[in-house]
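Chain residues, written in single-letter form:
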Amino acid sequence: MTSPAGIAFSASPRPTLGVEWELALVDQTTRDLSNAADQLFHLVEERAGDQRGKIHRELLRNTVELVTGICTTVGEAMDDLGGSLEVVRGLADEIGVDLYGAGTHPFAEWSAQQLSDGSRYAELIERTQWWGRQMLIWGVHVHVGIDDRDKVLPIQSSLLKYYPHLLALSASSPMWAGRSTGYASNRAMMFQQLPTAGLPFQFETWSEFEGFVHDQKTTGIIDHLNEIRWDVRPSPHLGTIEVRVCDGVSNRRELAAIVALTHCLIVDLDRRLSAGETLPQMAPWLVQENKWRAARYGLDAIIIQDSACSERLVTEDFADLLVRLEPVAASLGCLDELGLVHEIIDGAASYQRQRIVFEESGDLRAVVDSVVRELH
């Protein structure tokens, strides 16, 4: 790689937390996606008050994103999102749309969706064409603050061992364009088709990452750093690792569980690294296989655990992982929220609940109804 200019990392002195929650807009009558973002954001500008800066547009006019400020605990982040959710849901109701939290919509057609205004959106579609137009997908992004640039890439690579745990737990996209896909997370398979999306490269040093970014910019693959859309990526201007593994989530209780798990995993790796431990990593081909298994089978995935290719049912691994993370959760003030992971495993994940509704009703609109009802 060519020697590049440095990429500054605005280190976070504490393991702060930020959450981005994407929600779709669905018509209250037809249950199809609604390109109502312009109307919604007109009301947001007029009446959202202090919440305006936490309610964002996205690529398509069928989407709204709720974003927290810089938080210190999962509870604080959930309260922050709750305030924005209350405002947006009321405004959406006025224009005849509901908010829908899942990784995909069960029957919407991509050709009916409209782009938001903005040159970067138009450029993305111009470059990616058919695959870009297919991106009717919604997710949750979690930022965790890191206090030292040189910790970022070792933590990022080691976190990939837990990729299948996060995806299986959040999987909520089993249907696509009117059909059952056979996947728990079709969103994960769709999103990786974009040229800079998917699993991150496992760089060992920050200078390697800088060289990669330099090459990407030099060859015109990206213009801005945020166009690297990896499932886990550094966010240098925020001083965080950003985890983009998870499907859209239908309610704050499950969101709290997923955010707590993410927070605890990263802080645990950070502390182990600070204590002098060499963090374990898995070969990229094993990480890739685990991603596929979690996307395909969800909580029934048998995952690869280590370089020796030991395998275990992901829910069995959760049983030990959650116990190990309890002291970390206690120190971060999210022990109760981490405990909510058990509710998802012992009950049913979103993809499972959606399948049950469809099996019982045979009606994809009933699936949308069920997801909308869960939002609280």
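In this text, all values refer to a predicted model and were calculated from it rather than measured experimentally.

Some points on the environment of glutamate 210
Then, in step 1: Relative to the helices and strands, glutamate 210 resides in helix α7 (residues 206-218).
Then, in step 2: By relative accessible area, which is 11% here, glutamate 210 ends up buried.
Then, in step 3: One polar contact links the side chain of glutamate 210 to the main-chain amide nitrogen of isoleucine 7, over a distance of 2.7 Å.

Concerning the state of the cysteines
Then, in step 1: For the structure on display, the rule yields 0 disulfides.
Then, in step 2: We note that cysteine 264 lacks a disulfide partner, and the nearest cysteine sulfur, in cysteine 334, lies 3.6 Å from it.

Side note on the pattern of salt bridges
Then, in step 1: Tallying each qualifying case throughout the model produces 24 salt bridges.
Then, in step 2: The salt bridge partner of arginine 47 is glutamate 94, with a shortest N-O separation of 2.4 Å. Placement of the pair is arginine 47 in helix α1 (residues 37-47) and glutamate 94 in helix α2 (residues 74-94), with a sequence separation of 47 residues.
Then, in step 3: Overall, the relative accessible area of 46% leaves arginine 47 in the partly exposed class.
Then, in step 4: What makes glutamate 94 partly exposed here is its relative accessible area of 49%.
Then, in step 5: Its salt-bridge partner being arginine 253, residue glutamate 343 comes within 2.7 Å of it at the nearest N-O pair. Of the two residues, glutamate 343 is situated in helix α12 (residues 341-346) and arginine 253 in helix α8 (residues 252-274); the sequence distance between them amounts to 90 residues.
Then, in step 6: On the basis of relative accessible area, arginine 253 is assigned to the partly exposed category, the value being 43%.

Basis of the calculations
- Residues numbered from 1 in each chain as written.
- Predicted model: local features only at pLDDT ≥ 70, side-chain atom pairs only at ≥ 80, totals over all residues.
- Heavy atoms only, no water.
- Helix = DSSP H or I, 4+ residues; strand = E, 2+ residues; numbered from the N terminus.
- Buried < 20%, exposed > 50% of the residue type's maximum accessible area, 1.4 Å probe, protein only.
- Polar contact = N/O pair within 3.5 Å; in protein donor to acceptor, adjacent residues only side chain to side chain.
- Disulfide = S-S within 2.5 Å.
- Salt bridge = Lys/Arg side-chain N within 4 Å of Asp/Glu carboxyl O.

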